[in-house]
Amino acid sequence: MTGAATNQTFRTAIVPAAGLGTRFLPTTKSVPKELLPVIDTPAIELVAKEAADSGATRLVIVTSPGKESVINHFQHSPELENELESRGKTALLAKVRRGPDLIDVEVAIQKQALGLGHAVAQAEPNLTDEDEAVAVLLPDDLVLPTGVLDRMSAVRAERGGSVLCAFDIPKEQISPYGVFDVSDTDDPDVKQVHGMVEKPKPEDAPSTYAAAGRYLLDRAIFDALRRITPGSGGELQLTDAVALLIAEGHPVHIVVHRGGRHDLGNPGGFLRAAVDFALEDPEYGPSLRAWLTERIETPQS
């Protein structure tokens, strides 16, 4: 296990991973999207490491029937490990053991795709009385550099309530996002949230702060999820539950993350993440950089 945040306010992280991965078909007919590798590491392992590095000791993966391989990734493979060990493949053995040794993994099943709020609600039976707050990490979002959960945990320790991650997006690019209605605090990168607007026109956006896939939610979120009504498509939206808490006086803040992100939810974003990570890799980076430079500069017939 890895180190904890200075102001630790959660021990359980929830990762919703029940989607069909339709944008990656036909690959996702047989391979869950969450297991597609960024270089050689599945996306869900990257997210699990982020949670563990911020002090989580338990990961609840919300998945759908038929996606057991996502959970299997975090289980030891004795035959494979013994074979690698007998061949002296110590580096590969360390890679194979890395996922299972990261964090304790449990499963919750979402039988129907009824929205992010519904997915998060399925993890409630996995919690204990000690879980006063939970982290939620969307595996499609890689937030870089990692560590924003540490900052979010510190904000919860200071201000209470729930804390969400946000990016400052140029106003002309804001329409695809959920956008926060906020007011300033004494910290320029911490804002109090008063509401949220989904995919506004630039002129209607209440701010330039857009939601990212990291949430640190007070336990009260589960009661709110039971009380909201389904939206379009019969889905329960997590943002509706957060909005209910705000309306009832529950403090909600955002941490503005001054870093980058990759959207692994579509092939284009996934390719950019793979290239970005590979360029930083000491084994693959130099040759890839040289090849990309030559490839871009050389016209193709």
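Residues numbered from 1 in each chain as written. Predicted model: local features only at pLDDT ≥ 70, side-chain atom pairs only at ≥ 80, totals over all residues. Heavy atoms only, no water.

Put simply, the test is: UniProt positions are given in the numbering used here, feature names are shortened, and annotations may be inferred rather than shown by experiment.
The chain is annotated in an unreviewed UniProt entry as UTP--glucose-1-phosphate uridylyltransferase of Amycolatopsis xylanica. Listed in UniProt under the heading Sequence similarities (unreviewed entry), the comment for the chain reads: "Belongs to the UDPGP type 2 family." The annotation that UniProt attaches to the chain under Catalytic activity (unreviewed entry) is "alpha-D-glucose 1-phosphate + UTP + H(+) = UDP-alpha-D-glucose + diphosphate".

## Regarding the overall build of the chain
Our working definition: Each helix corresponds to a stretch of at least 4 residues labelled H or I by DSSP, and each strand to a stretch of at least 2 residues labelled E; elements are numbered beginning at the N terminus. Only the C-alpha atoms count toward the radius of gyration. The rule for a globule is 2.2 Å times the residue count to the power 0.38. Two residues qualify as a contact provided that any one of their heavy atoms is within 4.5 Å of a heavy atom in the partner residue. Using the Shrake-Rupley algorithm and a 1.4 Å probe, accessible areas are obtained, with residue cover drawn only from the displayed protein chains. When charges are counted, neither His nor the chain ends are considered; positive counts come from Lys and Arg and negative counts from Asp and Glu. Working definition for charges: the position is that of NZ of Lys, CZ of Arg, CG of Asp or CD of Glu.
Regarding its fold elements, the chain presents 10 helices and 13 strands. In summary, the chain has a C-alpha radius of gyration of 20 Å against a globular reference of 19 Å for 301 residues, a match within 12%. The principal-axis extent of the C-alpha atoms belonging to the chain is close to 60 × 50 × 40 Å. Considering only intrachain contacts with a sequence separation of at least 6, the fraction spanning at least 24 residues in the chain is 76%. By element, 51% of the accessible surface of the chain is carried by carbon and sulfur atoms, the whole surface being about 14900 Å². Taking the average place of the 29 positive charges on the side chains of the chain and the average place of its 44 negative ones, the gap between the two points comes to 3 Å.

## Details of the UniProt feature "domain: Nucleotidyl transferase" (unreviewed entry) in the chain
Feature annotation in UniProt places "domain: Nucleotidyl transferase" (unreviewed entry) on residues 13-276, given in this structure's numbering. Within residues 13-276, the helical portion is 32% and the strand portion 27%, while the C-alpha atoms at the span's ends are 26 Å from each other.

## Comments concerning the nonpolar core
Where we set the bar: In these notes, a set of buried Ala, Val, Leu, Ile, Met, Phe, Trp, Tyr and Cys residues joined through side-chain atoms within 4.5 Å is what counts as a nonpolar core. Relative accessibility under 20% of the residue-type maximum defines a buried residue, over 50% an exposed one, and the middle range a partly exposed one, all with a 1.4 Å probe and only protein chains included.
Within the largest apolar cluster, 46 residues are counted, with the highest numbers of intra-cluster contacts made by Ile-44, Leu-59, Ile-61, Leu-137 and Met-152. It is helix H1 (residues 43-53) that provides the largest number of residues to this core, a total of 6 residues. Core analysis: the next-biggest nonpolar cluster, separate from the first, contains 34 residues, Ala-123, Tyr-215, Leu-217 and Ile-228 among them.

## Looking at the environment of Pro-65
Looking at the secondary structure, you find Pro-65 in the loop between strand S4 (58-63) and helix H2 (68-72). For Pro-65, a relative accessible area of 54% translates into the label exposed. Separated by 85 residues in the primary sequence, Pro-65 and Asp-150 place their C-alpha atoms 33 Å from one another.

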